[in-house]
Amino acid sequence: MTNTSTLARDGGRRASAPGRRRADRPVRRTRLPVWSIPYILLIPGLVVIGALLLYPMVQVGIMAFQKVGLVQISGKKPATWVGTENFEKIFDNEIFWSALRNTVVFAVIAVSLTLIVGTAVGVLLNKLGRKMSTFVVVGIMFAWAVPPVAQGIIWRWLFDAEAGVINWALNLLPDWLSSALFGRATWTDEPWLNDAWSIYMVLIITVVWASFPFIAVSVLAGLRGIPAELYEAAKVDGSSAWRTFWKITFPLLKPVFAVLTVLSIIWDFKVFSQLYVLMGGPANREAFNLSIFSYAEAFRSPPKMGSGAAIAVVLTVILLVVTAVYVRQLVKQEEM
Amino acid sequence: MSPLARRRLGKVLLNAAGVAVFLFAIFPVYWMVATAFKANDQIFTTSFIPFPTHFTFEHVDRVLSEGVAGHSIWLYLRNSAVVALGTVLVGAVFSLLAATAVARFRFKGRTGFLIVLLIAQMIPSEALLIPLFLSVKRLGLYDQLLGLIVVNVGLTLPFGIWMLRTFVAAVPRSLEEAAWIDGAGRFTTFWRVLFPLVAPGLVATSIFSFITAWNELIFALVLMNDSGGYTMPVALQYFFGQRGTDWGAIMASSTMMTIPVVVFFLLVQRRMVSGLVAGAVKG
């Protein structure tokens, strides 16, 4: 890229050919200095980002050290400083630790599964014929397009205890197989959405189902960009499919995987809508993750916004640390 | 096995895997739509009824007339549309200006701004929930769709700028320079040369923002107290609060919420991928 902008360059050009321009059109009055234009263009964006993202981020950091209850929300009393009390309280709370565990374990499993399934499907799409691959892409597009709340609703219905398709399908298994695998033969009335572990199992399926299409389509786009000669060379050398994948495909797609991993981590770490629907609101405290725990602390009576803020800070710090590594890589490789 | 037979078998297996992926992806969506059009005796059954043999519009009618939480689903669809379109209109203008600045100019603080954009995208919206709730309340925007629009503009803008700047950068500078030589002013060049060329990218970015705002649950849950201001996601989760889950009505409503998103997705699928992983994918 050149160091001068189109507009700046024009400034020079005008100086060199003033006569022509004056003949074409009347001279404009007060002109903004060229250097100020980008800053002026950025003003609305900066105001929005500053006021709606950065300033609240600072505020939440401050509120984590304050007591903000009903009285303070209504503005009758100013928020009082309580030091690290909010943090001490949530660290003493069992729910916080189970929420932290749920968040991390869920993110690790969901991100890995999504990446594995998505990559496998992307590789498959690349091998399929043109018509078949379009057909499958349109199909997976539907899963990708479903809004998170509707995702939760759909899978809640599929896993419904009485009329759910999953229990019906499990009942189809021959009794001996079902007993050998799960120690039971009938699945009717199996309540999948009562215990924390089974809620998370359903949540993992839901999230993987909804997010693998994006990975698959991105991997496919990456694969189509790899020159075919590389694969031909590998074939000539008698390389196995597995080896070809790890020696050619994976290294070339590494930047793609880096971005996909960050995005998946960001999305899965703070999953809210699907979990909210699957749990039926913030009712089952053992199944909370950090997002829902923060929401429940701050917005269910009695509102404890200070401790909600403290949880949000913990969530943000974890997210920033986890993604910082990848962001650095992104900044490095991308010519911004 | 002869090599030919082996290749043929391989092809059959690959296509079978493709069909399996297709079914896994589409069945849950199909099941939502099918349930929406089944009569209640076919919904609440332990047996598997693949098609609605007694096809009925009763659930659709019910959610449109009776609705949920005291209002017809139309109202919630309308609220969602107002919020999403408002977000898109404001967001499109702001992101186009900022994207032009970063893609067309080299200025002091440009890299800093891009890093701020990246960081802003990393901030979980859940962390902003509490302070934004208090601010919206203080500004008197509580229970108003405008409050939701403002918040959604904030949530979608960093990504909008990030995505749009690649589209602006893709327009060859020589076109603008040609317009300059012909004596076009700064604004004319922007409006008559750059804007039409960036328009497809702007549409893709706008659709992305539309979908984000359309799907947004957590802020709508917190900033809307009066049921007249509910958006679709809030109305949908409200169904579960009622006694006896009315699956037919829920599925009819969620189908109505899903349709616009599916249409948009099919329209901009390719651009969304290029925008999300811009720079990393060559293709």
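Residues numbered from 1 in each chain as written. Chains lettered and ligands numbered in written order. Predicted model: local features only at pLDDT ≥ 70, side-chain atom pairs only at ≥ 80, totals over all residues. Heavy atoms only, no water.

### Points about the overall build of chain B
Working step 1: The secondary structure content of chain B amounts to twelve helices and zero strands.
Working step 2: Shown N-terminal to C-terminal, the secondary structure of chain B runs as helices and strands in the order α-α-α-α-α-α-α-α-α-α-α-α.
Working step 3: Taking 283 residues into account, the globule formula puts the C-alpha radius of gyration at 19 Å, and chain B, at 24 Å, lies well above it.
Working step 4: Its C-alpha atoms give chain B principal-axis dimensions of about 75 × 70 × 35 Å.
Working step 5: For chain B, buried positions account for 59% of its 283 residues.
Working step 6: Contacts spanning at least 24 positions in sequence make up 69% of the contacts within chain B whose residues lie at least 6 apart.
Working step 7: As displayed, chain B has an accessible area near 11900 Å², and 66% of this comes from carbon and sulfur atoms.
Working step 8: Between the mean site of the 21 positive side-chain charges and the mean site of the 12 negative ones, chain B shows a separation of 18 Å. (Helix = DSSP H or I, 4+ residues; strand = E, 2+ residues; numbered from the N terminus. Rg over C-alpha atoms; globule rule 2.2 N^0.38 Å. Buried < 20%, exposed > 50% of the residue type's maximum accessible area, 1.4 Å probe, protein only. Contact = heavy atoms within 4.5 Å. Areas by Shrake-Rupley, 256 points an atom, 1.4 Å probe, with all protein chains shown as cover. Lys, Arg positive; Asp, Glu negative; His and termini not counted. Charge placed at Lys NZ, Arg CZ, Asp CG, Glu CD.)

### Things to note about the layout of surface pockets
Working step 1: Here the largest pocket defines a volume of roughly 1100 Å³.
Working step 2: Lining the largest pocket are 26 residues, and of these A:Asn126, A:Lys127, A:Tyr231, A:Lys235 and A:Ala241 sit closest to its centre.
Working step 3: Elements supplying a minimum of two residues to the lining of the largest pocket: α6 (94-127), α12 (228-236) and α13 (241-269) of chain A together with α1 (3-36) of chain B.
Working step 4: With six residues, α1(B) is the largest single contributor of residues to the lining of the largest pocket.
Working step 5: Across the lining of the largest pocket, the residue classes tally to twelve nonpolar, eight polar and six charged. (1 Å grid on protein atoms, 1.4 Å probe; cavity = no way out; pocket = protein on both sides within 12 Å on 5 of 7 lines; lining within 4 Å. Points joined across faces, edges and corners; volume = space filled by probe spheres on them. Nonpolar A, V, L, I, M, F, W, Y, C, P; charged D, E, K, R; others polar.)

### Observations regarding the domain arrangement of chain B
Residue and element names in this part refer to chain B.
Working step 1: Segmentation of chain B into domains returns domain 1 (3-56) and domain 2 (62-276).
Working step 2: Here domain 1 and domain 2 have C-alpha centroids that lie 33 Å from each other.
Working step 3: Residue-level contacts link six residues of domain 1 with eight residues of domain 2.
Working step 4: In total, domain 1 and domain 2 occlude about 600 Å² of area from one another, counting both sides; carbon and sulfur atoms represent 76% of this.
Working step 5: Three residues, Met-32, Ala-36 and Phe-44, lead the burial of domain 1 against domain 2; their summed loss comes to 64% of the area buried on that side.
Working step 6: In this structure, the connection of domain 1 to domain 2 is made through zero salt bridges. (Domains from an automatic or database assignment. Buried area = accessible area lost by both parts, 1.4 Å probe. Salt bridge = Lys/Arg side-chain N within 4 Å of Asp/Glu carboxyl O.)

### Section: the pattern of salt bridges
Residues and elements named next belong to chain B.
Working step 1: Inspection of every chain in the model, using the stated rule, returns five salt bridges over all chains.
Working step 2: With a closest N to O distance of 3.9 Å, Arg-62 and Glu-58 form a salt bridge. Of the two residues, Arg-62 and Glu-58 both sit in helix α3 (residues 58-65), four residues apart, roughly one turn of that helix.
Working step 3: Through salt bridges with shared partners, a single ionic network connects Glu-58, Arg-62 and Asp-246.

### Side note on helix α8 (residues 148-158) of chain A
Working step 1: Most of α8(A) sits out of view: ten of its eleven residues are buried.
Working step 2: When we look at burial in α8(A), the residues that qualify are A:Val149, A:Ala150, A:Gln151, A:Gly152, A:Ile153, A:Ile154, A:Trp155, A:Arg156, A:Trp157 and A:Leu158.

### Topic: the UniProt feature "transmembrane region" (unreviewed entry) in chain A
All names here are of chain A.
Working step 1: Annotation from UniProt places "transmembrane region" (unreviewed entry) at residues 32-55, 104-125, 137-158, 197-223, 244-267 and 309-327.
Working step 2: For the annotated span residues 197-223, helix accounts for 100% and strand for 0% of the residues, and the straight-line distance between the end C-alpha atoms is 37 Å.
Working step 3: Measuring from the first to the last C-alpha atom of residues 244-267 gives 31 Å, for a span that is 100% helix and 0% strand. (UniProt positions renumbered as here; feature names shortened; annotations may be inferred.)

### With respect to the interface of chain A and chain B
Interface size is often expressed as the accessible area that is lost when the parts come together.
Working step 1: Each partner contributes to the interface: chain A provides 112 residues, whereas chain B provides 103 residues.
Working step 2: Contact between chain A and chain B buries roughly 9800 Å² in total, counting both sides, with carbon and sulfur atoms accounting for 77%.
Working step 3: Counting across the interface, chain A meets chain B through zero salt bridges.
Working step 4: For the interface between chain A and chain B, the tally reads four residue pairs in polar contact (both at pLDDT 80 or more).
Working step 5: It is helix α3 (residues 37-63) of chain A that contributes the most residues to the side of chain A that touches chain B, 18 residues altogether.
Working step 6: Here the residues of the side of chain A that touches chain B are counted per class, giving 76 nonpolar, 19 polar and 17 charged. (Polar contact = N/O pair within 3.5 Å; in protein donor to acceptor, adjacent residues only side chain to side chain.)

### Observations regarding α6(A)
In an α-helix, one full turn covers 3.6 residues, which means residues spaced three or four apart are oriented alike.
Working step 1: Under the 1.5 Å per step criterion, the end-to-end length of α6(A) is 49 Å for 34 residues, consistent within 8% with the ideal 50 Å.
Working step 2: At the N-terminal end of α6(A), a side-chain oxygen is found 2.9 Å from the backbone nitrogen of A:Ile95, two or three residues along, and the residue is A:Asn93. (Expected span 1.5 Å × (residues − 1).)

### Thoughts on the nonpolar core
Working step 1: Ranked by internal contacts, the top residues of the largest apolar core, which has 198 residues, are A:Leu125, A:Ile140, A:Ile153, B:Ile73 and B:Phe219.
Working step 2: Take this core: its biggest share by element is 18 residues, from helix α11 (residues 196-224) of chain A.
Working step 3: Residues lining this core come from more than one domain, with at least three contributed by each of domain 1 (3-56) and domain 2 (62-276) of chain B.
Working step 4: If sequence neighbours within four positions are ignored, B:Phe219 has contacts with B:Ser125, B:Leu128, B:Leu129, B:Leu132, B:Leu148, B:Val151, B:Leu155 and B:Met224. (Core = buried A, V, L, I, M, F, W, Y, C linked by side-chain atoms within 4.5 Å.)

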